[in-house]
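A look at the structure
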Amino acid sequence: MGTDMGSSYSEQYRAQVTAFFDGRTQYDNETTIQRALPLLDLVPLLPGQRVLDIATGTGIIAISAAQKVGETGAVVGVDISNGMLTQAQQKIDELGLQNIELMEVDAETVEFSNCTFDAVFCSSALVYLADIPGALKNWYRWLKPGGAIAFSAWSENSYTTPLIMDVCRRHGIALLNINEPTGTVDKCFNLLESVGFKDVEVTEEQQGHYIPLKSAVRWNGAWFHPTCNPLADLGKETIARLIADYQRAVKNKANDEGVWCEKAAYYAMGRKPL
């Protein structure tokens, strides 16, 4: 792929991600909150510490972190979505918190000084970045010695991703799995160790459940991947055929309880040596 094409796709992908999260106007619920907060258990925060929350969204991690570090501490939350940040700011204002700064910026272009933060968090968003090792190297650099990083990720088989990939494969279309770089315990572990983090820990938690068939069959032909999306160039008729085949495949997997939706979550933590 030439430079111009890659740049064009990057802009298209950035716009796709921004529009998707801008549209999630009722993001907070028991599921989204409970899948994010375990990251804070991996890195106990102390009053006065400085925290960075990458892809902060509606501020679930950032707000809880701000309450833990107190008035003498500080939290910075960055996100590409204005819609997400608007929801976060509303919650911050309602709580009267004064120690959180929100930044509307791409996580891959934001820059901070070395040794600025005691902790860096990223809940379920690392795979949206095009250069994951590069991002982790930046976060390592921004951490103080002894500081820690914690991120969460989904397995390669989570959600309906494998089924969509299989349907497209039968049509001669090869899709890349966005969850592949962090899609196993070993991959999460190796990513952190390769950057230089020590005392790395990765835990797995199965959060899968059955979903109603009418929800499971919903797929609009969209696909997320930071470097490649063959579906973006297909015509409406081809996309319609893919959707129809996907819906048939989902119905074949349904039982009396609905359709099983795999959601294996990985919670990873590493510490920068002193």
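Anyway, here's the lowdown on the structure attached to this text. Keep in mind that this is a model prediction, so the values were computed, not measured.

Right, let's talk about the pattern of salt bridges for a bit. Within the structure shown, the criterion is met by nine salt bridges. In this structure, Asp-166 and Arg-170 form a salt bridge, with 2.6 Å as the shortest nitrogen-oxygen distance. With Asp-166 and Arg-170 both in helix H7 (residues 161-170) and four residues apart, this pair spans about one turn of that helix. In this structure Asp-166 comes out as partly exposed when scored by relative accessible area, which is 29%. Note that Asp-245 and Arg-248 form a salt bridge whose closest N and O atoms lie 2.0 Å from each other. You can see Asp-245 and its partner Arg-248 sitting in helix H10 (residues 236-253), three residues apart, about one turn around the helix. Owing to a relative accessible area of 19%, Asp-245 belongs among the buried residues under this scheme. For Arg-248, a relative accessible area of 49% gives the class partly exposed.

This part covers the state of the cysteines. Summed over all chains, the structure comprises zero disulfides. Here Cys-188 stays unpaired: no disulfide links it, and the sulfur of Cys-122, its closest cysteine neighbor, is 11 Å away. Taking relative accessible area as the criterion, Cys-188 reaches 0% and is therefore assigned buried. The closest cysteine sulfur to the non-disulfide-bonded Cys-228 is located on Cys-168, 12 Å from its own sulfur. On the accessibility criterion, Cys-228 (28% relative accessible area) is partly exposed.

Applying the stated criterion across every chain yields a total of 10 aromatic pairs. With 5.6 Å between their ring centres and 80° between their planes, Phe-21 and Tyr-128 make a pair best called edge-to-face. Of the two residues, Phe-21 is situated in helix H1 (residues 3-22) and Tyr-128 in the loop between strand E4 (117-123) and helix H6 (132-142); the sequence distance between them amounts to 107 residues. Given a relative accessible area of 22%, Tyr-128 falls into the partly exposed group. Their ring planes at 80° and their centres at 5.0 Å tell us that Tyr-140 and Phe-197 sit as a pair that is edge-to-face. With Tyr-140 in helix H6 and Phe-197 in the loop between helix H8 (185-195) and strand E6 (198-206), the pair connects residues that are 57 residues apart, well separated along the chain. When its relative accessible area of 1% is taken as the criterion, Phe-197 is described as buried. These aromatic residues form a ring-pair network of at least three members: Phe-20, Phe-21, Tyr-128 and Phe-224. The ring of Tyr-140 has Lys-272 sitting right over it, with the charged end atom 5.0 Å from the ring centre.

Inspection of the secondary structure assignment puts Ile-178 in the loop between H7 and H8. Residue class for Ile-178 comes out buried when judged on its relative accessible area of 13%. Taking the C-alpha atoms as reference points, Ile-178 and Pro-230, separated by 52 residues in sequence, lie 13 Å from one another. Leave out the neighbours within four places in its chain, and Ile-178 touches Tyr-13, Val-127, Tyr-128, Phe-224, His-225 and Pro-226.

Procedures and definitions
- One numbering rule holds for all chains: residues counted from 1, following each sequence as written.
- Residues qualify for local features only when their pLDDT is at least 70, as the model is predicted, and side-chain atom pairs are given and counted only at 80 or more; totals for whole chains, interfaces and linings, by contrast, use all residues.
- Side-chain figures throughout are based on the complete set of non-hydrogen atoms in the structure, without hydrogens or water.
- What makes a salt bridge here is a side-chain nitrogen of Lys or Arg within 4 Å of a carboxyl oxygen of Asp or Glu, nothing more.
- The numbering of helices and of strands both runs from the N terminus, where a helix is a DSSP run of H or I of at least 4 residues and a strand a run of E of at least 2.
- Exposure classes here rest on a 1.4 Å probe applied to the protein chains alone. A residue is buried below 20% of its type maximum, exposed above 50%, and partly exposed in between.
- To count as a disulfide, a pair of cysteine sulfur atoms needs to be within 2.5 Å.
- In this scheme Phe, Tyr and Trp rings, the latter by its six-membered ring, pair at centre separations within 6.5 Å, and the angle between planes marks the pair as stacked below 30 degrees, edge-to-face above 60, and tilted otherwise.
- Counted as over-ring charges are cases with an Arg CZ or a Lys NZ within 6 Å of the ring centre that also lie within 35 degrees of the ring normal.
- It only takes one pair of heavy atoms within 4.5 Å for two residues to be counted as in contact.

By themselves these figures say nothing about function.
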